[in-house]
Amino acid sequence: MERREEQPGAAGAGAAPALDFTVENVEKALHQLYYDPNIENKNLAQKWLMQAQVSPQAWHFSWQLLQPDKVPEIQYFGASALHIKISRYWSDIPTDQYESLKAQLFTQITRFASGSKIVLTRLCVALASLALSMMPDAWPCAVADMVRLFQAEDSPVDSQGRCLALLELLTVLPEEFQTSRLPQYRKSLVRTSLAVECGAVFPLLEQLLQQPSSPSCVRQKVLKCFSSWVQLEVPLQDCEALIQAAFAALQDSELFDSSVEAIVNAISQPDAQRYVNTLLKLIPLVLGLQDQLRQAVQNGDMETSHGICRIAVALGENHSRALLDQVEHWQSFLALVNMIMFCTGIPGHFPVNETTSSLTLTFWYTLQDDILSFEAEKQAVYQQVYRPVYFQLVDVLLHKAQFPSDEEYGFWSSDEKEQFRIYRVDISDTLMYVYEMLGAELLSNLYDKLGRLLTSSEEPYSWQHTEALLYGFQSIAETIDVNYSDVVPGLIGLIPRISISNVQLADTVMFTIGALSEWLADHPVMINSVLPLVLHALGNPELSISSVSTLKKICRECKYDLPPYAANIVAVSQDVLMKQIHKTSQCMWLMQALGFLLSALQVEEILKNLHSLISPYIQQLEKLAEEIPNPSNKLAIVHILGLLSNLFTTLDVSHHEDDHEGPELRKLPVPQGPNPVVVVLQQVFQLIQKVLSKWLNDAQVVEAVCAIFEKSVKTLLDDFAPMVPQLCEMLGRMYSTIPQASALDLTRQLVHIFAHEPAHFPPIEALFLLVTSVTLTLFQQGPRDHPDIVDSFMQLLAQLNRVSSSVSVEVDNPTSSFSAPLPQLAQSSTETRERLILKGGSWAGLRGGHGRGW
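Residues numbered from 1 in each chain as written. Predicted model: local features only at pLDDT ≥ 70, side-chain atom pairs only at ≥ 80, totals over all residues. Heavy atoms only, no water.

### Focus: the nonpolar core
And step 1. Counting residues in hydrophobic clusters, the biggest one holds 275 residues, and the most contacted among them are Trp229, Tyr386, Phe709 and Phe720.
And step 2. When residues of this core are assigned to their parent elements, the largest contribution, 12 residues, is made by helix H6 (residues 117-134).
And step 3. For Trp229, the residues in contact, after removing those within four places along its chain, are Val143, Leu170, Leu173, Pro174, Leu194, Cys198, Val201, Phe202 and Val234.
And step 4. Grouped together as the second largest cluster of nonpolar side chains are 14 residues, Leu30, Leu49, Ile74 and Phe77 included. (Core = buried A, V, L, I, M, F, W, Y, C linked by side-chain atoms within 4.5 Å. Buried < 20%, exposed > 50% of the residue type's maximum accessible area, 1.4 Å probe, protein only. Helix = DSSP H or I, 4+ residues; strand = E, 2+ residues; numbered from the N terminus. Contact = heavy atoms within 4.5 Å.)

### Looking at unusual backbone geometry
And step 1. Cis geometry is adopted by the peptide bond preceding Pro136, which originates at Met135 and carries an omega value of -10 degrees.
And step 2. Within the secondary structure, Pro136 is located in the loop between H6 and helix H7 (142-150).
And step 3. The peptide bond linking Phe350 to Pro351 adopts the cis configuration, its omega dihedral lying at 0 degrees.
And step 4. With respect to the helices and strands, Pro351 occurs in the loop between helix H16 (330-344) and helix H17 (361-372).
And step 5. Although it is not a glycine, Glu233 adopts a positive phi angle of roughly 60 degrees.
And step 6. Note on placement: Glu233 falls in the loop between helix H10 (216-229) and helix H11 (240-249).
And step 7. Judged by relative accessible area, Glu233 falls into the partly exposed class, the value being 41%.
And step 8. The backbone of Leu717 sits at a positive phi, close to 55 degrees, despite the residue not being glycine.
And step 9. Its location among the elements puts Leu717 in the loop between helix H33 (699-716) and helix H34 (724-737).

### Focus: helix H24 (residues 503-515)
And step 1. In this model H24 runs 18 Å from its N-terminal to its C-terminal C-alpha over 13 residues, within 8% of the 18 Å that 1.5 Å per residue would give.
And step 2. Of all 13 residues in H24, 10 are buried, a share of seventy percent or more.
And step 3. Among all positions of H24, only Gln504, Leu505, Ala506, Thr508, Val509, Met510, Thr512, Ile513, Gly514 and Ala515 are buried. (Expected span 1.5 Å × (residues − 1).)

### Side note on the layout of surface pockets
And step 1. Volume-wise, the largest pocket comes out at about 650 Å³.
And step 2. Along the wall of the largest pocket there are 23 residues; nearest its centre are Phe403, Arg421, Arg424, Asp507 and Phe511.
And step 3. Among the secondary structure elements, those contributing two or more residues to the lining of the largest pocket are helix H20 (414-438), helix H22 (463-477), H24 and helix H27 (544-557).
And step 4. Counted by class, the lining of the largest pocket contains nine nonpolar, six polar and eight charged residues. (1 Å grid on protein atoms, 1.4 Å probe; cavity = no way out; pocket = protein on both sides within 12 Å on 5 of 7 lines; lining within 4 Å. Points joined across faces, edges and corners; volume = space filled by probe spheres on them. Nonpolar A, V, L, I, M, F, W, Y, C, P; charged D, E, K, R; others polar.)

### Regarding empty space enclosed by the protein
And step 1. The final tally for this structure, using the stated rule, is three cavities of 30 Å³ or more.
And step 2. Of the volumes computed, that of the second largest cavity is approximately 50 Å³.
And step 3. What lines the second largest cavity is simply Val230, Val234, Pro235, Leu236, Cys239, Ala266, Gln269, Asp271, Ala272 and Tyr275.

### Re the packing of aromatic side chains
And step 1. Taken as a whole, this structure holds 21 aromatic pairs when the rule is applied.
And step 2. When the ring of Tyr365 is compared with that of Tyr433, the centres are 4.7 Å apart and the planes differ by 40 degrees; the resulting orientation is tilted. In this pair, Tyr365 sits in helix H17 while Tyr433 sits in helix H20, placing the two residues 68 residues apart along the sequence.
And step 3. When the centroid spacing of 5.3 Å and the interplanar angle of 75 degrees are considered together, the rings of Phe403 and Phe420 count as edge-to-face. Of this pair, Phe403 sits in the loop between helix H18 (376-400) and helix H19 (406-410) while Phe420 sits in helix H20, and the two are 17 residues apart along the sequence. Pair check on accessibility: Phe403 and Phe420 agree, each one buried.
And step 4. Taken together through their ring pairs, the aromatic side chains of Phe350, Phe403, Tyr409, Trp412, Phe420, Tyr423 and Trp463 make up a single cluster. (Phe/Tyr/Trp six-rings, centres within 6.5 Å; stacked < 30°, edge-to-face > 60°.)

### Points about the side chain of Ser193
And step 1. By secondary structure assignment, the location of Ser193 is in helix H9 (residues 184-210).
And step 2. If near-sequence neighbours (up to four positions away) are discounted, Ser193 is found in contact with Met135, Pro136 and Pro140.

### Describing the environment of Arg88
And step 1. Assignment of secondary structure puts Arg88 in helix H4 (residues 72-88).
And step 2. Separated by 34 residues in sequence, Arg88 and Val54 place their C-alpha atoms 8.8 Å apart.

Here is the structure:
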């Protein structure tokens, strides 16, 4: 390869002066990379070495770095440089040097067969890349040649070393193909060539794996090589002998992991389902592992049980449809299903005592989908066979979902608890899916078990068992319409009988009630059975998420039936809010719940409750408005403003959110007179302006203020109209003083709601003209410094383009005066928009007020 140094067009030639990339300099850089304690020097060395690898000189120094007197780190770099040059710059290599390069690589691999393994692997990868680039035309029998050359008796390396080197080369060849940068048309040709060449590989692998004299290291390498080749989508029938040998190797603990990987990879190939006869032959082999599986479970051998489960699930999950189609073999497939059921119910708590059961959950989805996809007659047959299996699965899953004892759970790490939580969510999803097959009978089954558990006087029940059954109900009720179930009334009646002495059980009781909130809306007489439990739980900080979210659901779904309980709900909620029992997010949820609740009351009652509820916060806000801004009172201000905005998000006496439900929905008469939210906003408007006067420089406070009005506008729609003039004036002053994106977002909402309201649009029109002028002035100073404002302003213009073209504003500039539709205005030139003013209005004085104080 000496001539490569003179190739002027080689990639990377301009990366650094040619003389820099000498063997000596490369060795110095490698020493600096590995041993220099200074991280900056390491980074510089790494960057220089990356340039060296792609330089023309790499063809020269790579071979020298592989000399026997070099340390493995240096040799490894030389081998890696060769691989990079071959794989990335193949087109730079003259065709007359292919054979020379191939011969040199074979020589180096033979030498390193008894040397450093990491260097051997990199050299094998380099030769594999060369073979892929030459196949099929320049090297038509590449794999067969590799096998022949390494089997030659005249090699100085012992037979085992040559065998391991050959197996390493054969292993990396398919792996290199998977990651190669070959063009698509070449990749297809090479894949076909490799598929033919497997005829030279598999007989050798079978011989080495079945040969009693083969040492363990060789057999392990054989299994890894087989695992690599099957990912080339080799026909499953061509792999039968090797798969059977891999099953036999599962009895050897040293070969177990490699055998599992090989079998799973072979079974999981997408094309494997075409070879049904081979799949049917595999079922007895998998079933034959059951004794080994039970022994592993008994001995607590998690690795072995995990591996066998992977094999069973791979066969069942990937080929359930193909195997179900073989009706005459239904018993053998059912035996496989029962084996997977054993894996699902493997003893112990996930993830502490076992990690296997989670592997099986997707199988149950797949099997159910395949059964339900058959035509009616065949589906009925399989339903008869598999419904009992799925009822058993429900029992198994609920058992696996049970919490450990309090003492044991206390020793779990936070990571283990989080993994268990996610595992329970996966079980919940599976139960919800299983309902499609089992239907209402599943709910009846759960109810009967819970009823027997709670009413039996023979033996005390564990809270874990009760919690798991409720969790099953909750999983189904959260996503499935249970309004017509005849067992839910009984369940609601059973819930108050549960002795709750545990946080996990109490949480599940809360979530179960929340999942049944739509049912409660249709059966309001039952609300009083569960509402006291929810209100009591509000006072427990450990039940914060479950109790608050459940109350929110009840208030949203049952609000028209809650007026008799409203005073109590407000009182309890106000108490926990003032005691600061809950975190900020739960306080916001609670305010949303109260908004839903108050929406169903008479206006006088709403105002009375609002006064009671928010007066303490208004008083606190008045005090904070007098204080000098500091981080602690900022948090308090943002919290109070957040409470108000979340309350106004759901407080809707006109019931706009119910409009999509249809006329049959029970609705209260639309009240006459001012909207309670508008009344409150008008009362606190001066206070909000006062807060802004001190906090206008703080984007978080400004955003919190805008959120109050933005959420109110979205909820009240045209009922917000009385607030429009004063809000537009405030927004104009805010934005003229310090432009902020939240003000533009609120302006966009006003345009969206009131664009077609001529009576209310003039103040919004004036506001738009002002913010456009200020924004364009700001952009002249550099829009890159204000990406949030750019984004919000573009969204405002987009909103203007969506409104009717009948809406227009008057535009004035020094040369012309005209009336233009808003979409036209939104697209008008920058020069024109810079001069936008509203003639004769008070806003004209604000033009050029950018940067001016209050």
